[in-house]
Amino acid sequence: MSVLITDIGELFTNDHSLGIRHDMAVVAEDGLIAWIGPASSAPAADTVLNADGAAVLPGFVDSHAHLIFAGDRAPEFAARMAGESYTGGGIRTTVGATRAASDDELRRNARRLVGEALRQGTTTIEIKSGYGLNVADEARSLRIAAEFTSETTFLGAHVVPAEYRDDPWAYVALVTGPMLNAARPYARWIDVFCERGAFDADQARTVLAAGQAAGLGLRVHGNQLGPGPGVALAVEMGAASVDHCTHLTGDDVDALASTVIDCMCHCDGASGTVATLLPGAEFSTRSPYPDARRLLGAGVTVALATDCNPGSSYTSSMPFCIALAVRDMGLTPSEAVTAATAGGAHALRRTDIGRISVGARADLIVLDAPSHLHLAYRPGVPLIRTVLHDGVPQ
Ligand code: NIG
Ligand code: FE
């Protein structure tokens, strides 16, 4: 089965040998990109999709989302907009609602959010557990997450649940023992919220080391609410990504920069420990935005992701995050699109997604606009005309 997308006004590739090209065509065959070239010399295919001069981009890679939960926390959001600050304390409210929900309620909610994200151009999404916080509820959260994505992340170390408040190390022992064993069959990654009020550096290191010994890749939530040890720990442990990075010291930036190695995947970038920025969280908690320019200036690989969750960032929209990154974090539109595609791929240590190159997966979006610039220039407007996932129009 082959699909020819022709009359592409602007092709945004993230492939350093191609860059941004005009008047192009792409052929997808059996789920992969098989041919890229001028529209005037495009080969025949089973199906033709005419882009009518629109822009075509790689599908967005949302490398950070918490989609397995029940309920919402709209009143908490309203209170923040009226001046309350975000502390992460509301996580325990969602834990209560999630434990009380049936498998089907959790599945329906995740399906709704994955569908929302897909309609907004997200073709790969990472999904974390983290609202179960006991063995059975973390395992079922990951079992349900695995129905939607292969990028599943065990976040048993999200916060210490109320029943372990007086003995956080006993909870760390549960997370690194029976909970990890139960989660392991469904998880590719392990994550920890390393922050004041959640897990300190020693506790977080213990969690990550246990996950690594069980064969999981490492991710960290760090430096969200204030300066702290999250970034340094992520670098020390060789994590694929440290996420939030809202409050960074010069040493944090230097540590991230020291991990950068030349990228072998033909994209315009380098990998190491990626700094994943989540501007939906800053928007929704009225916090200062992370200093993306400082990170890019130091050569750090930057990803953009939604952090979709019912507390700090209830958006599934990568276009919204791109618009915020351009308006409030000083990224150029092209840097923001690259962070939302190739950056996310790096954060998931994937070379098959996030770019338009022969041999990459045919995950593509056709915009209702002539250029990627419109994603930030026309915020809040549904600009995703067609999404192809594995070469199949959705
Ligand atoms: O990434 N920071 C920790 N976890 C989530 C928030 C979860 C919640 O508030 O429910 C985050 O922002
Ligand atoms: Fe998060």
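Residue numbers run consecutively from 1 along every chain, following the written order of its sequence. Working convention: letters from A go to chains and numbers from 1 go to ligands, in the order in which they are written. Note on the predicted model: pLDDT of at least 70 is required for a residue's local features to be given, and 80 or more for side-chain atom pairs to be given and counted; whole-chain, interface and lining totals, by contrast, use all residues.

Peer 1: Just checking my understanding: could you explain the nonpolar core for this structure?
Peer 2: What tends to happen in soluble globular proteins is that the nonpolar side chains get buried as a cluster. Counting residues in hydrophobic clusters, the biggest one holds 125 residues, and the most contacted among them are Ile5, Val26, Val56, Leu304, Ile322 and Ala325. These domain boundaries are the output of an automatic or database domain assignment. Here this core gathers at least three residues from each of two domains, domain 1 (2-58 + 356-393) and domain 2 (60-348). The contacts of Ala325, once residues within four sequence positions are left out, are Leu277, Pro279, Ala292, Leu304, Leu331, Ala336 and Ala339. Joining buried Ala, Val, Leu, Ile, Met, Phe, Trp, Tyr and Cys residues through C-beta atoms within 7 Å gives a set, and that set is a nonpolar core. A residue is called partly exposed when the number of other C-beta atoms within 10 Å of its own lies between 12 and 20, exposed at 12 or fewer, and buried at 20 or more, with C-beta atoms placed from the backbone. Residue pairs are scored as contacts if the distance between their C-beta atoms, which are placed from the backbone, is within 7 Å.

Peer 1: I tried to follow helix α8 (residues 250-257) on my own but got confused; where do I start?
Peer 2: Helical periodicity: at 3.6 residues per turn, an α-helix aligns residues three or four positions apart in one direction. Numbering of helices and strands runs from the N terminus; a helix is a DSSP stretch of H or I covering at least four residues, while a strand is a stretch of E covering at least two. Buried within α8 are the following residues: Asp252, Val253, Ala255 and Leu256. In an axial view of α8, the angular spread of the buried residues amounts to 160°, which keeps them on one side of the axis. In α8, the exposed positions angled more than 90 degrees off the buried face are occupied by Gly250 and Asp251. Packing partners of the buried residues in α8 comprise α7 (230-237), β15 (274-277) and α10 (292-297). Here, the arc refers to the directions that run from the helix axis to the C-beta atoms.

Peer 1: Teacher, can you tell me more about the UniProt feature "binding site: N-formimidoyl-L-glutamate" (unreviewed entry) in the protein chain here?
Peer 2: UniProt positions are given in the numbering used here, feature names are shortened, and annotations may be inferred rather than shown by experiment. Mapped onto this structure's residue numbering, the UniProt feature "binding site: N-formimidoyl-L-glutamate" (unreviewed entry) falls at Tyr131, Asn309 and Gly311. These residues run over 181 residues, yet every pair of their C-alpha atoms falls within 11.4 Å of each other. Structurally, the position occupied by Tyr131 is in the loop between β8 (127-128) and α4 (135-145). Given 31 C-beta atoms within 10 Å, Tyr131 falls into the buried group. Setting aside residues no more than four positions away along its own chain, Tyr131 makes contact with Ile68, Phe69, Thr94, Val95, Thr98 and Ser141.

Peer 1: Please clarify how the packing of helix α11 (residues 318-328) against helix α12 (residues 333-347) should be interpreted in this entry.
Peer 2: Packed helices, taken two at a time, are described by the angle their axes make and the gap between the axes. Between α11 and α12, whose axes approach to 9 Å, the crossing angle comes to 140°. Comparing the axis directions of α11 and α12 gives the class oblique. Regarding α11 and α12, the two cross each other, and that crossing is right-handed. Across from Met318, Cys321, Ile322, Ala325 and Val326 in α11, the residues of α12 making contact are Pro333, Ala336, Val337, Ala339 and Ala340. For the contact of α11 with α12, a count of residues per class yields 10 nonpolar, no polar and no charged. Every angle, taken between N-to-C directions, lies between 0 and 180 degrees, and every axis is a line fitted to C-alpha atoms, over only the stretch in contact when it is a helix. These descriptions rest on fixed angle ranges, namely under 35 degrees for roughly parallel, over 145 for roughly antiparallel, 65 to 115 for roughly perpendicular, and the rest for oblique. For any helix crossing, the convention is left-handed if the near helix is rotated counterclockwise from the far helix by under a right angle, and right-handed if that rotation is clockwise. The residue classification treats Ala, Val, Leu, Ile, Met, Phe, Trp, Tyr, Cys and Pro as nonpolar and Asp, Glu, Lys and Arg as charged. All others, Gly included, are polar.

Peer 1: Just to check I follow, could you spell out the UniProt feature "binding site: Zn(2+)" (unreviewed entry) in the protein chain for this structure?
Peer 2: Here the UniProt-annotated "binding site: Zn(2+)" (unreviewed entry) positions come out as His64, His66, His221 and Asp307. Despite a sequence span of 244 residues, these residues sit close together in the fold, their greatest C-alpha distance being 12.1 Å. Residue position: His64 is located in the loop between β6 (60-62) and α1 (74-81). Look at His64 and you get buried, because 32 C-beta atoms sit within 10 Å. Ignoring anything within four residues of it in the chain, the contact list for His64 reads Glu126, Asp243, Thr276, Leu278, Ala305, Thr306 and Asp307. Relative to the helices and strands, His66 resides in the loop between β6 and α1. Take His66: there are 28 C-beta atoms within 10 Å of it, and that puts it in the buried class.

Peer 1: What's the story with the sheet that holds strand β12 (residues 241-244) in this structure? I'm lost.
Peer 2: In any sheet, the strands associate via hydrogen bonds between backbone groups, in a parallel or an antiparallel arrangement. For two strands to count as paired, DSSP must find a minimum of two bridges between them. Reading across from one edge, β8-β9-β10-β11-β12-β15-β16 is the order of the seven strands in this open sheet, with parallel pairing throughout. Each having just a single partner strand, β8 and β16 (302-304) make up the two edges of the open sheet. For strand β10 (residues 189-194) and strand β11 (residues 217-222), the ladder comprises six bridges, and the chain directions are parallel. When the bridges of β11 are listed, Asp191 appears paired with Arg219.

Peer 1: Quick question: what am I supposed to make of the packing of α7 against α8 here?
Peer 2: At a closest axis distance of 9 Å, the pairing of α7 and α8 adopts a crossing angle of 20°. When the axis of α7 is compared with that of α8, the two are roughly parallel. Handedness of the crossing formed by α7 with α8: left-handed. Residues Val231, Ala232 and Val235 of α7 pack against Asp252, Ala255 and Leu256 of α8. Residues of the contact of α7 with α8, tallied by class, amount to five nonpolar, no polar and one charged.

Peer 1: In this structure, what is going on with unusual backbone geometry? I would like to understand it.
Peer 2: Most peptide bonds are trans, and most residues other than glycine sit at a negative phi. In this structure, Asp30 takes a positive phi of about 50° despite not being glycine. Mapped onto the fold, Asp30 is located in the loop between β2 (20-29) and β3 (32-38). In this structure, Asp52 takes a positive phi of about 50° despite not being glycine.

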